[in-house]
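Chain and residue survey
Spelled out, the chains give:
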Amino acid sequence: MARIRCDFFSTALGMGTSMTVLLPDSAAGIGMAGAARAGDPPVLYLLHGLTDDDTVWTRRTSIERYVAPLGLAVVMPQVQRSFYCDEAHGNRYWTFLSEELPQVCRSFFRLSDRREDTFVAGLSMGGYGAVKWALRHPDRFAAAASLSGALNVAHRRHHPTSPMDPAVWHTVWGDRDVAGPDDDTVALLERSGDDLPAFYVACGTEDFLYEDNTRFVATARGRGVPVTVDFSPGDHDWGYWDARIQDVLAWLPLRRDG
């Protein structure tokens, strides 16, 4: 595969930013498979967590090796500590993610724009971002996956065991009420339509976000929304996410017609 660290100017953010991109290549070195499709390759938008950046998936997992035989492109954007939102006291990271990023990527790289070829996944804050993106724009994605996602941020603000950092909350949401509007994934799920992407939700049973994930899954099942669930032993760490991202890649409904 080709691994590209791309620095570019974002109009939505009004400043330079970065993304890490993996592009499929049929060439392979020793011990490394390779695959490339005849047409524009499918794409996975892979989102980072609160303390990370666009490079973290390539530094702490073997994501490049995992996707190489799939002919799948991977786009990993950088959004700081924004929770993939248009911040109340910061920048327009939701606009950057949901509107500008796909257009920029397709202008720089050869990527499919078909719904059936487009997927999103992420961990922790990125799991929240992935699910929110899929629920607000279900027509764009065939599948969305959350690993240890912060899937109930409204409840998390004053949670007794692990409350939201007040500084992050103030920057992202200010005085806004998150419960109910477009940044509340549970509320988005409750009022969603029928034509949703496939969902995959994984969280370790020892994770401090486990309760948030079980509530989201219960809401999905209550509405009859199909969701693949993996609640297995594990904590909020890279050992767990490295294993689960491999499960996600095996689960993705990738077309097998070349």
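Presented here is an overview of the structure given in this document. Every chain's residues receive numbers from 1 upward, in the order its sequence appears when written. Whole-chain, interface and lining totals are the exception, using all residues; otherwise, since this is a predicted model, local features are given only for residues with pLDDT of at least 70 and side-chain atom pairs are given and counted only at 80 or more. Think of the side-chain values as coming from all heavy atoms in the structure, minus any hydrogens and water.

1. Topic: the overall build of the protein chain
Secondary structure elements follow DSSP: runs of H or I no shorter than four residues count as helices, runs of E no shorter than two count as strands, and numbering proceeds from the N terminus. When its secondary structure is counted, the protein chain shows nine helices and eight strands. Against the 2.2 N^0.38 benchmark of 18 Å for 258 residues, the protein chain shows a C-alpha radius of gyration of 17 Å, consistent with a compact globule. Projected onto its principal axes, the C-alpha coordinates of the protein chain cover approximately 50 × 40 × 35 Å. Each residue gets one of three labels from its accessible area relative to the maximum for its type: buried under 20%, exposed over 50%, partly exposed in between, using a 1.4 Å probe on protein chains only. Expressed as a percentage of its 258 residues, the buried residues of the protein chain come to 57%. The contact criterion used throughout is that any non-hydrogen atoms of two residues lie within 4.5 Å. For the protein chain, contacts bridging at least 24 residues in sequence account for 73% of all contacts bridging at least 6. Only the protein chains shown count as cover for residues, with accessible areas throughout obtained via the Shrake-Rupley method and a probe of 1.4 Å. In the structure as shown, the protein chain presents an accessible area of about 10500 Å², 49% of it carried by carbon and sulfur atoms. Side-chain charges of the protein chain comprise 25 positive and 34 negative groups, with the mean position of each set lying 2 Å from the other. Note that the radius of gyration is over C-alpha atoms, with the globule rule given as 2.2 Å times the number of residues to the power 0.38. None of His or the chain ends enter the tally, which takes Lys and Arg as positive and Asp and Glu as negative. Here the site of a charge means NZ on Lys, CZ on Arg, CG on Asp, or CD on Glu.

2. Structural notes on the packing of aromatic side chains
For this analysis, a ring pair means two rings from Phe, Tyr or Trp (six-membered ring only for Trp) whose centres lie within 6.5 Å, classed as stacked if their planes differ by under 30 degrees, edge-to-face if by over 60, and tilted for the remaining angles. Applying the stated criterion across every chain yields a total of 12 aromatic pairs. Where F108 meets F109, the ring centres are 6.1 Å apart and the plane angle is 85°; that geometry is what we call edge-to-face. Judged by centre distance (4.6 Å) and plane angle (45°), the ring pair of W169 and W173 falls under tilted. On the criterion of helical spacing, the pair formed by W169 and W173 is a turn pair, its members being four residues apart in helix 6 (residues 166-173). Of the two residues, W169 and W173, neither departs from the other in class, the shared state being buried. Ring pairs connect the aromatic residues F8, F96, F108 and F109, which therefore count as one cluster.

3. Examining the nonpolar core
M19, Y45, V75, F83, V120, W173 and F199 are the most contacted members of the largest nonpolar core, which totals 56 residues. F83 has contacts with L50, M125, Y128, K132, A150, V153, M164, V168, V172 and W173, leaving out every residue within four places of it along the chain. Membership of the second largest hydrophobic core comes to 31 residues, among which are L22, M76, F119 and I245. The nonpolar core is taken to be a set of buried Ala, Val, Leu, Ile, Met, Phe, Trp, Tyr and Cys residues, with the residues joined through side-chain atoms within 4.5 Å.

4. Side note on the environment of V21
Here V21 is to be found in strand 2 (residues 15-23). Sequence separation between V21 and Y45 is 24 residues; the distance between their C-alpha atoms is 9.4 Å. Those residues in contact with V21, other than ones at most four positions away along the chain, are A2, R3, I4, V74, V75 and F109.

5. Some thoughts on the state of the cysteines
The disulfide criterion used throughout: a pair of cysteine sulfur atoms within 2.5 Å. Throughout the structure, instances matching the rule amount to zero disulfides. For C85, which is in no disulfide, the shortest distance to another cysteine sulfur is to C203 and amounts to 20 Å. Take C85: its relative accessible area is 1%, and that puts it in the buried class. Considering cysteine sulfurs only, C6 is the nearest to C105, which forms no disulfide, with 7.7 Å between them.

6. Quick word on the environment of G49
When you line up the elements, G49 lands in the loop between strand 3 (43-47) and helix 1 (56-60). Assessed through its relative accessible area of 1%, G49 is described here as buried. In contact with G49, not counting residues within four places along its chain, are L123, M125 and G126.

7. What about helix 8 (residues 210-222)?
Since the α-helix packs 3.6 residues into each turn, any two residues three or four apart lie on the same face. The end-to-end C-alpha distance of helix 8 is 18 Å, a good match for the 18 Å that 13 residues give at a rise of 1.5 Å each. Among the residues of helix 8, those classed as buried are D212, N213, F216, V217, T219 and A220. One side of helix 8 carries all its buried residues, which in axial view fall inside an arc of 160°. Facing away from the buried surface of helix 8 by more than 90 degrees, the exposed residues are R221 and G222. The inward-facing, buried residues of helix 8 contact helix 4 (125-136), strand 6 (143-147), helix 5 (153-156), helix 7 (185-190), strand 7 (198-202) and strand 8 (227-230). Phi turns positive one or two residues past the end of helix 8, at G224, with a value near 75°. Residue count minus one, scaled by 1.5 Å, sets the expected span of a helix. For this quantity, the arc is that covered by the directions from the helix axis to the C-beta atoms.

8. With respect to the pairing of strand 3
Of all five residues making up strand 3, five are buried, and the element is well covered by its neighbours. Neither face of strand 3 is exposed, since V43, Y45 and L47 on one face and L44 and L46 on the opposite face are all buried. By the bridge criterion, three bridges tie strand 3 to strand 4 (residues 73-77) in an arrangement that is parallel. Paired with V43 across the strands is A73, a residue of strand 4. One bridge is not enough; two strands pair if DSSP finds at least two bridges between them. Relative to strand 5 (residues 118-123), strand 3 runs parallel, the two being bridged by five bridges. Within strand 5, the residue paired with L46 across the bridge is A121.

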